[in-house]
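If you want the building blocks of each chain, they are given just below.
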Amino acid sequence: GAGVSQSPSNKVTEKGKDVELRCDPISGHTALYWYRQSLGQGLEFLIYFQGNSAPDKSGLPSDRFSAERTGGSVSTLTIQRTQQEDSAVYLCASSLETGRAFFGQGTRLTVV
Amino acid sequence: QQQVKQSPQSLIVQKGGIPIINCAYENTAFDYFPWYQQFPGKGPALLIAIRPDVSEKKEGRFTISFNKSAKQFSLHIMDSQPGDSATYFCAAKGGTSYGKLTFGQGTILTVHP
């Protein structure tokens, strides 16, 4: 596609349920990032994939959060046993190894 | 050491003014400093970026000034317009966290007509 695509655009889930957020990066981009943005706040780094290297998971806030990147392309961010504090916009970005990062529109997650 | 500190949190200017947003960093291994613009409901979009081998870069009405010795960089918006009203984020990457972009907290800019 022309840009980074994220789905769903909005997700409302009940506390305690698991959710999966999907990111389709720009074709050919080797790097993929997940960030979280709470209302009116900055961008909190979650996880970074670069090619076949081990991902940098240093930003994942708890073991309820995990992410995969299959075939060096699509990535899924999974949040298990969601809590209300997980409510935020989850942003995905991709880039060539040293190039500019392009962001998707984000998935707005609301935990009720 | 991985932090990027951004100020001010919010800024209001009149049309035609020159808002200036400042960022400071600690990690001297950072070697790429982009600025992103974000409109409500949208993802951040890259505006302009600089590497530490130059002290200034201009693209249209946007200018980055970079002071390597002070570990500071700033964004200037010339002849600001109401359409420039958005949230601006500085970021940095490089060194051992070579791929990870570390963002500042953001500045909400409002340009009055």
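Here is a short report on the structure shown in this document.

Reading the values: the criteria
- Residues numbered from 1 in each chain as written.
- Chains lettered and ligands numbered in written order.
- Predicted model: local features only at pLDDT ≥ 70, side-chain atom pairs only at ≥ 80, totals over all residues.
- Heavy atoms only, no water.
- Helix = DSSP H or I, 4+ residues; strand = E, 2+ residues; numbered from the N terminus.
- Buried < 20%, exposed > 50% of the residue type's maximum accessible area, 1.4 Å probe, protein only.
- Contact = heavy atoms within 4.5 Å.
- Areas by Shrake-Rupley, 256 points an atom, 1.4 Å probe, with all protein chains shown as cover.
- Lys, Arg positive; Asp, Glu negative; His and termini not counted.
- Charge placed at Lys NZ, Arg CZ, Asp CG, Glu CD.
- Core = buried A, V, L, I, M, F, W, Y, C linked by side-chain atoms within 4.5 Å.
- Buried area = accessible area lost by both parts, 1.4 Å probe.
- Salt bridge = Lys/Arg side-chain N within 4 Å of Asp/Glu carboxyl O.
- Polar contact = N/O pair within 3.5 Å; in protein donor to acceptor, adjacent residues only side chain to side chain.
- Disulfide = S-S within 2.5 Å.
- Phe/Tyr/Trp six-rings, centres within 6.5 Å; stacked < 30°, edge-to-face > 60°.

### Thoughts on the overall build of chain B
Point 1. Counting its regular elements, chain B contains zero helices and eleven strands.
Point 2. Along chain B, helices (α) and strands (β) appear in the sequence β-β-β-β-β-β-β-β-β-β-β when read from the amino end.
Point 3. Each principal axis of the C-alpha atoms in chain B carries an extent, and together these give about 45 × 30 × 20 Å.
Point 4. Put simply, chain B has 113 residues, and 48% of those count as buried.
Point 5. Put simply, of all contacts in chain B between residues at least 6 apart along the chain, 54% involve residues at least 24 apart.
Point 6. Carbon and sulfur atoms form 51% of the exposed surface of chain B, whose accessible area is close to 5400 Å².
Point 7. The average position of the 11 basic charges and that of the 7 acidic charges among the side chains of chain B differ by 5 Å.

### A short note on the nonpolar core
Point 1. Ranked by internal contacts, the top residues of the largest apolar core, which has 24 residues, are B:F33, B:W35, B:F73, B:L75, B:Y88 and B:L109.
Point 2. Elements with a minimum of two residues in this core: β2 (10-14), β3 (20-25), β4 (30-38), β5 (45-50), β7 (62-67), β8 (72-77), β9 (86-94) and β11 (107-112) of chain B.
Point 3. Looking at which element gives the most residues to this core, the answer is β9(B), with four residues.
Point 4. Ranked by size, the runner-up nonpolar core spans 20 residues in total, among them A:L46, A:L77, A:C92 and A:V111.

### Let's talk about the interface of chain A and chain B
Point 1. Listed by partner, the interface residues are 21 residues for chain A and 18 residues for chain B.
Point 2. Taking both partners together, chain A and chain B bury about 1600 Å²; carbon and sulfur atoms supply 50% of that area.
Point 3. Counting every contact that joins chain A to chain B gives zero salt bridges.
Point 4. The tally of links between chain A and chain B comes to four residue pairs in polar contact (both at pLDDT 80 or more).
Point 5. Elements represented by at least two residues in the side of chain A that touches chain B include exactly β4 (31-37) and β5 (43-50) of chain A.
Point 6. Here the element with the most residues in the side of chain A that touches chain B is β5(A); it accounts for four residues.

### What about the environment of A:N52?
All names here are of chain A.
Point 1. Within the secondary structure, N52 is located in the loop between β5 and β6 (65-69).
Point 2. Assessed through its relative accessible area of 85%, N52 is described here as exposed.
Point 3. Once the C-alpha coordinates of N52 and L109 are considered, the two residues, 57 residues apart in sequence, prove to be 29 Å apart.

### Here's the deal with the state of the cysteines
Residues and elements named next belong to chain B.
Point 1. Per the counting criterion, the structure on display carries two disulfides over all chains.
Point 2. Here C23 engages in a disulfide with C90; their sulfurs sit 1.8 Å apart. One quick way to see it: the torsion about the S-S bond of C23 and C90 is about -95 degrees, and its sign makes the bridge left-handed. In this pair, C23 sits in strand β3 while C90 sits in strand β9, placing the two residues 67 residues apart along the sequence.
Point 3. Overall, C23 belongs to the buried group, its relative accessible area being 2%.

### Some words on the packing of aromatic side chains
Residue and element names in this part refer to chain B.
Point 1. Summed over the entire model, instances satisfying the criterion amount to 17 aromatic pairs over all chains.
Point 2. Summarising the aromatic geometry, the rings of F89 and F103 are spaced 6.3 Å apart at their centres and angled 90 degrees between planes, so their arrangement reads as edge-to-face. Remark: F103 occurs in strand β10 (residues 97-103) and F89 occurs in strand β9; sequence separation between them is 14 residues.
Point 3. Classification of F103 as buried rests on a relative accessible area of 6%.

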